[in-house]
Amino acid sequence: EAAVTQSPRNKVAVTGGKVTLSCNQTNNHNNMYWYRQDTGHGLRLIHYSYGAGSTEKGDIPDGYKASRPSQENFSLILELATPSQTSVYFCASGEKPFYAEQFFGPGTRLTVL
Amino acid sequence: GEQVEQLPSILRVQEGSSASINCTYENSASNYFPWYKQEPGENPKLIIDIRSNMERKQTQGLIVLLDKKAKRFSLHITDTQPGDSAMYFCAASETNYNVLYFGSGTKLTVEP
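The rules behind the values
Residues numbered from 1 in each chain as written. Chains lettered and ligands numbered in written order. Predicted model: local features only at pLDDT ≥ 70, side-chain atom pairs only at ≥ 80, totals over all residues. Heavy atoms only, no water. Disulfide = S-S within 2.5 Å. Helix = DSSP H or I, 4+ residues; strand = E, 2+ residues; numbered from the N terminus. Polar contact = N/O pair within 3.5 Å; in protein donor to acceptor, adjacent residues only side chain to side chain. Contact = heavy atoms within 4.5 Å.

A few words now on the state of the cysteines. All names here are of chain A. Taken as a whole and judged by the stated rule, the model has two disulfides over all chains. Note that Cys 23 is cross-linked by a disulfide to Cys 91, the S-S spacing being 1.9 Å. Linking Cys 23 and Cys 91, the disulfide has an S-S dihedral of approximately -80° and is accordingly described as left-handed. Taken together, the residues Cys 23 in strand E3 (residues 19-25) and Cys 91 in strand E9 (residues 87-94) connect sequence positions 68 residues apart.

Within the secondary structure, Asp 49 of chain B is located in strand E5 (residues 45-51). A polar contact of 2.8 Å, which involves the side chain of Asp 49 of chain B, links it to the side chain of Tyr 32 of chain B. Within the structure, the side chain of Asp 49 of chain B is placed 2.9 Å from the side chain of Lys 57 of chain B, a separation counted as a polar contact. Those residues in contact with Asp 49 of chain B that lie beyond four places of it in its chain are Tyr 99 of chain A together with Tyr 32, Phe 33, Pro 34 and Lys 57 of chain B.

Nothing here speaks to function; it is geometry throughout.
Right, here's the structure in full:
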């Protein structure tokens, strides 16, 4: 089974601070994704990547940057965190075909005070 | 892009009965429709999916129906058990992209 890990699992940040959420996958999947999950909104796509060096904007990219330095690692960066970014963030990985299963990490609970 | 609407947002059923969740989509190019289950405190996991060349798929007490003309698909859980209590998300994707667009989720509670 795919192994996707995230760090940290919980994070409290201050408004205006910089936050980096990290994701690592060990299954050599090409595609990686960052979602946020909020009650009533389901899973919303922030950024995604097709491979090392690539990042693409998802549905809600404003206020977020992404970095894919290697096949295994995909980071989500909040340069200036705001309370509206308080949420649970999930990273996922998947293979190339559009019908491929996405494997989710355990999630990171971020609170911005 | 794509917009996926999912209803109901909350669903309570009695153990042993069936539960149905409905989703609609807007983009006629969407052709892959997975369903994910998320248990409390856990991450979402794929439970069943259907491609546009099928109208029905069944596995282990789960049935998915797809009506391409109406741009509608649904999940039916037969003989529900307390272990089926969870959040369920539908999603849609199209061939040229590897991006899933998720519905807002259904919280299913199976009462003994």
